[in-house]
4 protein chains.
Amino acid sequence: MRIGFIGLGSMGAGMAANLIKGGHEVVVWNRTASVAKPLEALGATVAATAAEAAKGADVVHNMLANDAAVREVILGSVLEALPRGAIHVNHATISVALAEDLASTHEARGIGFVSAPVFGRPEVAAAGNLNMVVSGKPEAVAKVQPLLELLAAKVWPMGDDPVRAVIVKIGGNFLIGAAIESMAEASALTRAHGVEAKDFLEVMQNTLFASPVYKIYGGMIAENRYEPVGFKLSLGFKDVGLARSAADAKRVPMPVASVLHDAMLESLGRGDADIDWAGLARVAAARAQLKD
Amino acid sequence: MRIGFIGLGSMGAGMAANLIKGGHEVVVWNRTASVAKPLEALGATVAATAAEAAKGADVVHNMLANDAAVREVILGSVLEALPRGAIHVNHATISVALAEDLASTHEARGIGFVSAPVFGRPEVAAAGNLNMVVSGKPEAVAKVQPLLELLAAKVWPMGDDPVRAVIVKIGGNFLIGAAIESMAEASALTRAHGVEAKDFLEVMQNTLFASPVYKIYGGMIAENRYEPVGFKLSLGFKDVGLARSAADAKRVPMPVASVLHDAMLESLGRGDADIDWAGLARVAAARAQLKD
Amino acid sequence: MRIGFIGLGSMGAGMAANLIKGGHEVVVWNRTASVAKPLEALGATVAATAAEAAKGADVVHNMLANDAAVREVILGSVLEALPRGAIHVNHATISVALAEDLASTHEARGIGFVSAPVFGRPEVAAAGNLNMVVSGKPEAVAKVQPLLELLAAKVWPMGDDPVRAVIVKIGGNFLIGAAIESMAEASALTRAHGVEAKDFLEVMQNTLFASPVYKIYGGMIAENRYEPVGFKLSLGFKDVGLARSAADAKRVPMPVASVLHDAMLESLGRGDADIDWAGLARVAAARAQLKD
Amino acid sequence: MRIGFIGLGSMGAGMAANLIKGGHEVVVWNRTASVAKPLEALGATVAATAAEAAKGADVVHNMLANDAAVREVILGSVLEALPRGAIHVNHATISVALAEDLASTHEARGIGFVSAPVFGRPEVAAAGNLNMVVSGKPEAVAKVQPLLELLAAKVWPMGDDPVRAVIVKIGGNFLIGAAIESMAEASALTRAHGVEAKDFLEVMQNTLFASPVYKIYGGMIAENRYEPVGFKLSLGFKDVGLARSAADAKRVPMPVASVLHDAMLESLGRGDADIDWAGLARVAAARAQLKD
């Protein structure tokens, strides 16, 4: 198939590569063109504009950074450039409100719209082992399913409303943040009673909570080291904001999300915007007057 | 060794059985004697009083229900009956304050004291596969280590202060409650946007959060079924209280514990004291005006 | 002076009337023209458009409903229509972000901008007894001071940055909401122990908390009657949102604002959007399983 | 009447003096006897023990510090020493649980029990201008009413259950703490946007919130001066604890009380136990990274 891929950040580059390796004709675009070089070497065509990457495509994927970028690039030019009947697959973590806008605008233009946000880090994306939640019109999803399988170890179907996969992604990121804050508070409690965070967390990580989130983020909290950064605290703050806006829209009180928001605000105020969001744990420790 | 075992509830009975199977001479006692019968069949001696179970013992284990029972039985008669140089191993989930009292009273009486609270359910206890956190004087811990290994798949050493294993157990139970409340809020959010709890939680349980706690409790929330009961909401409320008291004692602010406490109060008010504590999820759903 | 007055709701109408009675030439405009009739009788000229009310004015006041209305009407046409050197006085409760936009857009157009939000209810506005907080460039404020004194019992100067009066208004409304939630929780506590809300609140209102907010809102909670409506719950929710956005912008954690937000979400979900915001008390009572 | 007065702290001494001036025969007792001297000069008899102050008394008042002191002194010796038919009036701020114990133990001993906690500071107590909430058996209350009127500007009847006046006092102190935390958060918000706390609070104190609590505590926050101490932060923490225990007993979720508790824990951790509890405001400022 003729595929356009827009947004070649640490996640997108690996995803585009897997589509190329899958034998598809891929035209890529990224704001800073330089990052497209390695893909060109793999056989991708590099477009000068996002519209050019969309022109004549059967399917366009985007892995852009946030709502603003999706609004500007997709609503700004890609949707216009796509041929009727083409499909747009959004992998970015966006707001429920934007997902609703995209669904109706695509509908009006006769373009298929598939929500396919992903769980996984850059190396997982590069290996084609992402976990992907997907929702959209059955026929549109069916058409892109083979492409999604080139990107993901598992594709989790979430039904025909594009909003569904989006809220699952948002809910998942909230759960990660809640786990970080919970580990942070529990570690402050055990530290205050003489147990080192690593000794407490090691038990949790290998028994009740033996899972990627508790191992990865708990490991950072155990060592109180928040670099190298897996996911920036400022991005985590943005995603908790997406959960809170989605909750407000449907009148869903989420007190843990409020606690998380207030702790993250304090982290940002302390100047921790660019460390891994596990660094949120510094706030719980500081509130308990524990030394870093 | 000559061992006394006090408290034969759903956890204690299986633990005592494993000590008997280990080839030890075990004298058991339980407030309601009837539950001791099966152990008698395995070769245990049934004592008429807790003191009698302690008399002449090298080691006495207890798996009593709470602080009140431990104070009454252990401080009330067992400590008095134990020969100097004997060791008392506490498996019950107790408060930090009581652990501190026990440490000093045992010290004064020349009795060794080992904290060895456990993570695991009755079937796990019966199989001798508990996860056990242990702390106490090295020589005392060394003496009972072979016994602990008859009860646990793994023994996690926490150092020489009996309080340490206690706070790790308390911190672990707080983490479970926090995970339940977090899943409850996230599920209310996704449900409000059209995704069934089971569809959202299935992804979490098999990816980011693939761990016993998210599988067991998430499974109950997914089905909105809180029976059969693994751990009663009223007991979870008690344990969150232990975390909050321990936090107050060391001036550790724990906002998630506060949110958890307030939600559990609402559950108890609704009449849910006797369902599994995953049933806490009903509060988040009710606050969001979602039907059960 | 030649004055334009835009926005003739329950507050604006009374304010405009006081400017007319003050002997000024007032041109009024309101989206639904009918409400302008009584002012015409007092001597006001009714404009067909907001721009017309602004044309040739020395000063234009607005008492519009919210950010959206101010953006549409003021930025959409009034600013364009005002003669250079004129002054725009904003009495509406708006966001800090909009206040910053207005300050720079007015500056660029050579129009003076004065923030003058008010505390008080319609009858107080009609009597010219509002409490008004004012900030803006000293010369602009000085020019409109005589007009402001026709509207307010007291004008509280807040300095030269238009944002300052806005944040004082937002902070004040947050304090009212916090007082309502606090009275709601305290009343639920005392009711649960056998004391009627009115008996508890009567003591508070006449001793420690003898002030308008505790008398007016406490009175509604005491009787559990939330009509007639002084200030709609949905508007209170909007204003708490203004406080939270302003807090986010400067990284100010406000846990009470978070509690307030979550309780208001629950009120809205219950269908209480149109009762007085003291009706928030129903949530605290419901959470405590108290009958209305 | 023959009156015993127990507990001559900064409040009790002034109250005892007013009973003496009222022409009653007053026998006083205080743990540290020295403080009784000035009352002896006014005509009081100084007892060597609390029991001696109770012996032969028609009425015994106590203004002891807390539950522990009341349990030790009243249940420990005074109740025993009082003649059947005598009345004990408790002015101390105690827990609901203790009030229930006292009601039944007094009943069993044939002693009348009246709850009469007070609102007011030492100088107000000395002037006999306290606000006093009273509950207990009508005949008992009627008998002591003339005495209470010597102590209070106003006596607020709360019915026949001694618990009622206690919960009103506890609810009132919670409301004060909630007002302090609310002012602290609002001031941090306005400060972060360039308005000094005193400028914001001055408007509140003289308009919407013109009441003793907002003036006294708001005044301290405005100046960021928490000495001289009106009410110690550590005592405020104790009283918020009484509210939370009473709420737990009746399953009343109080999220603002939880926020208040967590903020006070942080204050205590910072070393602020002995400043006025308005000093809680330092925590909101620190969380927002504002300089003291």
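If you're wondering where the values come from, they're calculated on a predicted model, not measured in any experiment.

### Topic: unusual backbone geometry
In the segment running from Glu 227 of chain A into Pro 228 of chain A, the intervening peptide bond is cis, with an omega of -5 degrees. Turning to its location among the elements, Pro 228 of chain A is positioned in the loop between helix H10 (212-223) and helix H11 (233-249). Notably, Arg 251 of chain A is not glycine yet its phi reads approximately 60 degrees, a positive angle. On the secondary structure map, Arg 251 of chain A appears in the loop between H11 and helix H12 (255-270). Here Arg 251 of chain A falls in the partly exposed class, since its relative accessible area comes to 30%. Phi angles above zero are rare outside glycine, and Asn 224 of chain D is one such case at about 50 degrees. Along the chain, the position of Asn 224 of chain D falls in the loop between helix H10 (212-223) and helix H11 (233-249). Here Asn 224 of chain D falls in the partly exposed class, since its relative accessible area comes to 29%.

### Brief notes about the UniProt feature "domain: 6-phosphogluconate dehydrogenase NADP-binding" (unreviewed entry) in chain A
UniProt's entry tags residues 2-156 of chain A with the feature "domain: 6-phosphogluconate dehydrogenase NADP-binding" (unreviewed entry), counted in the numbering of this structure. For the annotated span residues 2-156 of chain A, helix accounts for 45% and strand for 25% of the residues, and the straight-line distance between the end C-alpha atoms is 24 Å.

### Regarding the relation of the copies chain B and chain A
Note on the identical chains: chain B maps onto chain A by a rotation of 180 degrees and an axial translation of 0.0 Å, with an RMSD of 0.0 Å. Those values place the two copies in the arrangement expected of a two-fold rotation axis. Taking C-alpha positions as reference, the residue of chain B nearest the rotation axis is Ser 211 of chain B, located at 2.6 Å. Both copies present the same face, since 100% of the interface residues in chain B are matched by interface residues at the equivalent positions in chain A.

### A word on H11 of chain D
Along its 17 residues, H11 of chain D runs 24 Å from first to last C-alpha, staying within 8% of the 24 Å computed at 1.5 Å per residue. Buried within H11 of chain D are the following residues: Leu 233, Gly 236, Phe 237, Asp 239, Val 240, Leu 242, Ala 243, Arg 244, Ala 246 and Ala 247 of chain D. Taken together, the buried residues of H11 of chain D touch helix H11 (233-249) and helix H12 (255-270) of chain B, helix H8 (162-192) of chain C together with helix H5 (96-109), helix H8 (162-192) and helix H12 (255-270) of chain D. In the segment just after H11 of chain D, Arg 251 of chain D is the residue with positive phi, at about 60 degrees.

### Let's talk about the pattern of salt bridges
Once the charged atoms of two side chains with opposite charge are near each other, the side chains can pair. For the coordinates displayed, the defined rule picks out 60 salt bridges over all chains. The partner of Asp 272 of chain C in a salt bridge is Arg 282 of chain C, and the shortest N-O contact between them spans 3.2 Å. Residue Asp 272 of chain C is found in the loop between helix H12 (255-270) and helix H13 (281-287), and its partner Arg 282 of chain C is found in helix H13; the two are separated by 10 residues along the sequence. Accessibility expressed as a relative area gives 8% for Asp 272 of chain C, which makes it buried. Here the salt bridges do not stand alone but share partners, grouping Glu 196, Lys 198 and Asp 199 of chain A into one network.

### Brief notes about H10 of chain A
A rise of 1.5 Å per residue sets the reference length of H10 of chain A, with its 12 residues, at 16 Å; its end C-alpha atoms lie 17 Å apart and thus fit the reference within 8%. Where H10 of chain A is concerned, the buried positions are Val 213, Tyr 214, Tyr 217, Gly 218, Met 220 and Ile 221 of chain A. Buried residues along H10 of chain A cover an arc of 155 degrees about the axis, so they all sit on one side. For H10 of chain A, the secondary structure elements touched by its buried residues are helix H8 (162-192), helix H9 (197-206) and helix H13 (281-287) of chain A together with helix H8 (162-192) and helix H10 (212-223) of chain B. After H10 of chain A finishes, the residue Asn 224 of chain A shows a positive phi value of roughly 50 degrees.

Quick notes on the rules
Residue positions are given per chain, counted from 1 along the sequence in the order it is written. Naming scheme: in the order in which they are written, chains are lettered from A and ligands are numbered from 1. Given that this is a predicted model, residues contribute local features only at a pLDDT of at least 70 and side-chain atom pairs are listed and counted only at 80 or more, while totals for whole chains, interfaces and linings are drawn from all residues. Computation of side-chain values: all heavy atoms of the structure, hydrogens and water removed. The helix and strand labels rest on DSSP assignments: H or I over at least four residues marks a helix, E over at least two residues marks a strand, and numbering proceeds from the N terminus. Working definition: with a 1.4 Å probe on protein chains only, accessible area under 20% of the residue-type maximum means buried, over 50% means exposed, and in between means partly exposed. UniProt positions are given in the numbering used here, feature names are shortened, and annotations may be inferred rather than shown by experiment. A least-squares fit on C-alpha atoms brings the copies together, and the residues used are those whose pLDDT is at least 70 in both copies. Residue contacts are defined here by distance: any two heavy atoms, one from each residue, within 4.5 Å place the two residues in contact. Each helix should span, by expectation, one fewer than its residue count multiplied by 1.5 Å. Salt bridge, as used here, is a side-chain nitrogen of Lys or Arg placed within 4 Å of a carboxyl oxygen of Asp or Glu. This arc corresponds to the set of directions leading from the helix axis out to the C-beta atoms.

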